[in-house]
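Results of the structural survey
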Amino acid sequence: MSKYLILIAALLGLGACRDEMHDQPKMKPYRSSAVFDDSLSMRPLVEGTVARGFLRADPAFYQGKTIDASGKGSDVATFPYPITGAMLDRGQARFNIYCSPCHGLSGAGDGMVVRRGFPPPPNFSTDTGLLAAPPGHFFDVITNGFGMMPDYAMQLDPADRWAVVAYVKALQTSQHAHASDLTAQQRAELDSRKPVTSKPE
């Protein structure tokens, strides 16, 4: 009989413990608090807090900027890593998806959206300001937008933005290139190609 009494007492004790834990004082969201001077229970993040995986410690890669001692940024003049064929292929694919509706496939500013009345963007290959612009400028515009162009930071991660910039620079170079810029092997390869015709053979 005493065993049953001990068991019942233990169960009652556990129930009381649960109630105490359930009703203990705690900070609830959007409730006032007497603990802090501003009376808010929800506390702001500590200044300088960075979410895991979002440190972005390399301003050249993540912002397209070099930061001087005063904290002022300027567009980088070079790419933060070497350009490869795979990078250009990726850049062309992303450019054709996200940029060509306005800029056109050749960067002339004659995309399908423009043909339907949207103000044309500048031509990458004839606008002297864009021809002279460093890679960091293009990265900044893709990241933050410019004029009528919205930003594409959500659609393109930093690596893809750099790939698009590399492809834009390749477009600019291709439309101002001369045969004399090619090596003998490249000229021979170019000469061996069949001319493009408007009708299939």
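Refer to the structure presented above.
Residues numbered from 1 in each chain as written. Predicted model: local features only at pLDDT ≥ 70, side-chain atom pairs only at ≥ 80, totals over all residues. Heavy atoms only, no water.

Section: the overall build of the protein
- If you tally the helices and strands in the protein, you get eight helices and two strands.
- Across the protein, helices and strands are ordered from the amino to the carboxyl terminus as α-α-β-β-α-α-α-α-α-α.
- Counting only residues that meet the buried cut, the protein has 24% of its 201 residues in that class.
- Here the contacts in the protein between residues at least 6 apart in sequence split such that 46% fall between residues at least 24 apart.
- Summed over all atoms, the accessible surface of the protein reaches about 14,800 Å², with 60% contributed by carbon and sulfur. (Helix = DSSP H or I, 4+ residues; strand = E, 2+ residues; numbered from the N terminus. Buried < 20%, exposed > 50% of the residue type's maximum accessible area, 1.4 Å probe, protein only. Contact = heavy atoms within 4.5 Å. Areas by Shrake-Rupley, 256 points an atom, 1.4 Å probe, with all protein chains shown as cover.)

Some thoughts on the side chain of Asp160
- Within the secondary structure layout, Asp160 lies in helix 7 (residues 158-174).
- Overall, Asp160 belongs to the buried group, its relative accessible area being 9%.
- Setting aside anything within four residues of it in sequence, one finds Asp160 in contact with Arg90 and Arg94.

Structural notes on unusual backbone geometry
- Even without glycine at this site, Tyr30 takes up a positive phi of about 65°.
- Looking at the element boundaries, Tyr30 is found in the loop between helix 1 (2-22) and helix 2 (59-63).
- Although it is not a glycine, Ser39 adopts a positive phi angle of roughly 65°.
- Examined against the element boundaries, Ser39 turns out to sit in the loop between helix 1 and helix 2.
- When its relative accessible area of 36% is taken as the criterion, Ser39 is described as partly exposed.

Regarding the packing of helix 6 (residues 135-144) against helix 7
- Direction vectors running N to C along helix 6 and helix 7 enclose 130°, while the axes themselves pass 9 Å from each other. Taken together, helix 6 and helix 7 sit at an angle that is classed as oblique. The hand of the helix 6/helix 7 crossing is right-handed. Facing helix 6, whose interface residues are Pro135, Gly136, Phe138, Phe139, Ile142 and Thr143, helix 7 presents Pro158, Arg161, Trp162, Val164, Val165, Val168, Lys169 and Gln172. (Axes fitted to C-alpha atoms, helices over the stretch in contact; angles between N-to-C directions. Parallel < 35°, antiparallel > 145°, perpendicular 65-115°, else oblique. Left-handed = near helix turned anticlockwise from the far one by under 90°.)

Some words on helix 7
- Counted at 1.5 Å a residue, the expected span for helix 7 with its 17 residues is 24 Å, and the 24 Å between its end C-alpha atoms agrees.
- Burial of helix 7 is extensive: 13 of the 17 residues sit out of reach of the surface. (Expected span 1.5 Å × (residues − 1).)

A short note on the pattern of salt bridges
- In total, this model carries four salt bridges according to the counting rule given.
- Residue Lys65 is joined to Asp75 by a salt bridge in which the shortest nitrogen-to-oxygen separation is 2.7 Å. Of the two residues, Lys65 is situated in strand 1 (residues 65-67) and Asp75 in strand 2 (residues 73-75); the sequence distance between them amounts to ten residues.
- Of the charged contacts in the structure, one is a salt bridge between Asp160 and Arg90, with a shortest N-O distance of 2.8 Å. Of this pair, Asp160 sits in helix 7 while Arg90 sits in helix 3 (residues 85-103), placing them 70 residues apart in sequence. (Salt bridge = Lys/Arg side-chain N within 4 Å of Asp/Glu carboxyl O.)

Remarks on the nonpolar core
- Residues Phe95, Phe138, Trp162, Val164 and Val165 are the most contacted members of the largest nonpolar core, which totals 22 residues.
- Considering every element that reaches this core, the biggest residue donor is helix 7, with eight residues.
- Setting aside anything within four residues of it in sequence, one finds Val165 in contact with Phe79, Pro135, Phe138, Phe139 and Ile142. (Core = buried A, V, L, I, M, F, W, Y, C linked by side-chain atoms within 4.5 Å.)

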